[in-house]
Amino acid sequence: AQSVTQLGSHVSVSEGALVLLRCNYSSSVPPYLFWYVQYPNQGLQLLLKYTTGATLVKGINGFEAEFKKSETSFHLTKPSAHMSDAAEYFCAVSDGGQGGKLIFGQGTELSVKP
Amino acid sequence: GAVVSQHPSWVICKSGTSVKIECRSLDFQATTMFWYRQFPKQSLMLMATSNEGSKATYEQGVEKDKFLINHASLTLSTLTVTSAHPEDSSFYICSARDVRTSENEQYFGPGTRLTVT
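Just so we're clear, the structure is a prediction, and the values are computed from it rather than from any experiment.

Student: Break down the overall build of chain B for me, with residues and values.
Tutor: Within chain B, the secondary structure is distributed over 0 helices and 11 strands. Helices and strands appear in chain B in the N-to-C order β-β-β-β-β-β-β-β-β-β-β. Each principal axis of the C-alpha atoms in chain B carries an extent, and together these give about 40 × 25 × 20 Å. Here chain B, with 117 residues, has 51% of them falling under the buried criterion. For chain B, the proportion of contacts with a sequence separation of at least 24, taken over those separated by at least 6, is 55%. Surface accessibility of chain B: about 5,600 Å² in total, with carbon and sulfur atoms responsible for 53%. Charged side chains of chain B number 11 positive and 11 negative; the gap between the two group centres comes to 6 Å.

Written out as structure tokens, the structure reads:
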């Protein structure tokens, strides 16, 4: 079975500050890992994903995440927060099989203060 | 590319009636679509996996007779909430898996807000 834990349901940063959203996963098979962003009353947009290969993954809008197998983590970072980054962020894991089911974390709401 | 639409974007219905929500992949074919439910300030909960031309696979605890799923073509899946009750009010989101990729990436629709009065 797979699971995802996002530490911190709400994170607040100042504009220009580092963004760090934490995600830990549990998987009995090599995982596929994803970060999605959701704006109010909208669907999810993929920020980045890790499947195989390079463990540091760069995504859209300046976000990146690093897959650390030893720590079972896939934390999302951005060097400098913008007001437009305020949204809900979800980490998700898949087993990489043909079923393709995604298991989501509980989400982290990011607030950006001016 | 990889756009998924949902219709309607919001719907209000009376208790006891049925509501159909459509999920379409606009520029790609999707043999597999997923239906999620999201309560306010909560995460997405997978309800069912919809496979083109076959019966949907429901997650544990999801009533298959209440949430009818049909995936009649490679670009369309529908979710029908039958005999809706106020507790069915939620945000329903679909996603579609592009058959061209092997990395299980799902593309999400914009969601449908269902309110049952």
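The discussion continues.
Student: Mind laying out the environment of Tyr92 of chain B, listing which residues take part and the relevant values?
Tutor: All names here are of chain B. Within the secondary structure, Tyr92 is located in strand 9 (residues 90-97). A relative accessible area of 0% places Tyr92 in the buried class. Along the chain, Tyr92 and Pro110 lie 18 residues apart, while their C-alpha atoms are 9.1 Å from each other. With near-sequence residues (within four places) excluded, Tyr92 lies in contact with Gln6, Ile21, Tyr36, Arg37, Met47, Phe67, Leu79, Gly111, Thr112 and Leu114.

Student: Break down the sheet that holds strand 1 (residues 4-7) of chain B for me, citing the residues and quoting the values.
Tutor: All names here are of chain B. One open sheet accounts for 4 strands, arranged 1-3-8-7; its pairing is antiparallel. The outermost strands of the open sheet, each flanked by one partner alone, are strand 1 and strand 7 (67-73). The average angle at which neighbouring strand axes cross in this sheet is 15°, direction not considered. Where strand 3 (residues 19-25) meets strand 8 (residues 76-81), 6 bridges bridge the pair, whose relative direction is antiparallel. In the strand pairing of strand 8, Lys20 is matched with Thr80.

Student: Requested: an account of the interface of chain A and chain B, with residues and values cited.
Tutor: Listed as interface residues are 24 residues of chain A and, on the opposing side, 22 residues of chain B. A buried area of about 1,700 Å², summed over both sides, lies between chain A and chain B, and 46% of it is on carbon and sulfur atoms. Of all residues in chain A, Leu44, Lys101 and Phe104 of chain A give up the largest surface area on contact with chain B, accounting jointly for 23% of the area buried on that side. Where chain A touches chain B, the interface holds 2 salt bridges. Glu59 of chain B serves as the salt-bridge partner of Lys101 of chain A, at 3.2 Å between the closest nitrogen and oxygen. Where chain A touches chain B, the interface holds 5 residue pairs in polar contact (both at pLDDT 80 or more). Across the side of chain A that touches chain B, the residue classes tally to 8 nonpolar, 13 polar and 3 charged.

Calculation criteria
Residues numbered from 1 in each chain as written. Chains lettered and ligands numbered in written order. Predicted model: local features only at pLDDT ≥ 70, side-chain atom pairs only at ≥ 80, totals over all residues. Heavy atoms only, no water. Helix = DSSP H or I, 4+ residues; strand = E, 2+ residues; numbered from the N terminus. Buried < 20%, exposed > 50% of the residue type's maximum accessible area, 1.4 Å probe, protein only. Contact = heavy atoms within 4.5 Å. Areas by Shrake-Rupley, 256 points an atom, 1.4 Å probe, with all protein chains shown as cover. Lys, Arg positive; Asp, Glu negative; His and termini not counted. Charge placed at Lys NZ, Arg CZ, Asp CG, Glu CD. Pairing = 2+ DSSP bridges. Axes fitted to C-alpha atoms, helices over the stretch in contact; angles between N-to-C directions. Buried area = accessible area lost by both parts, 1.4 Å probe. Salt bridge = Lys/Arg side-chain N within 4 Å of Asp/Glu carboxyl O. Polar contact = N/O pair within 3.5 Å; in protein donor to acceptor, adjacent residues only side chain to side chain. Nonpolar A, V, L, I, M, F, W, Y, C, P; charged D, E, K, R; others polar.

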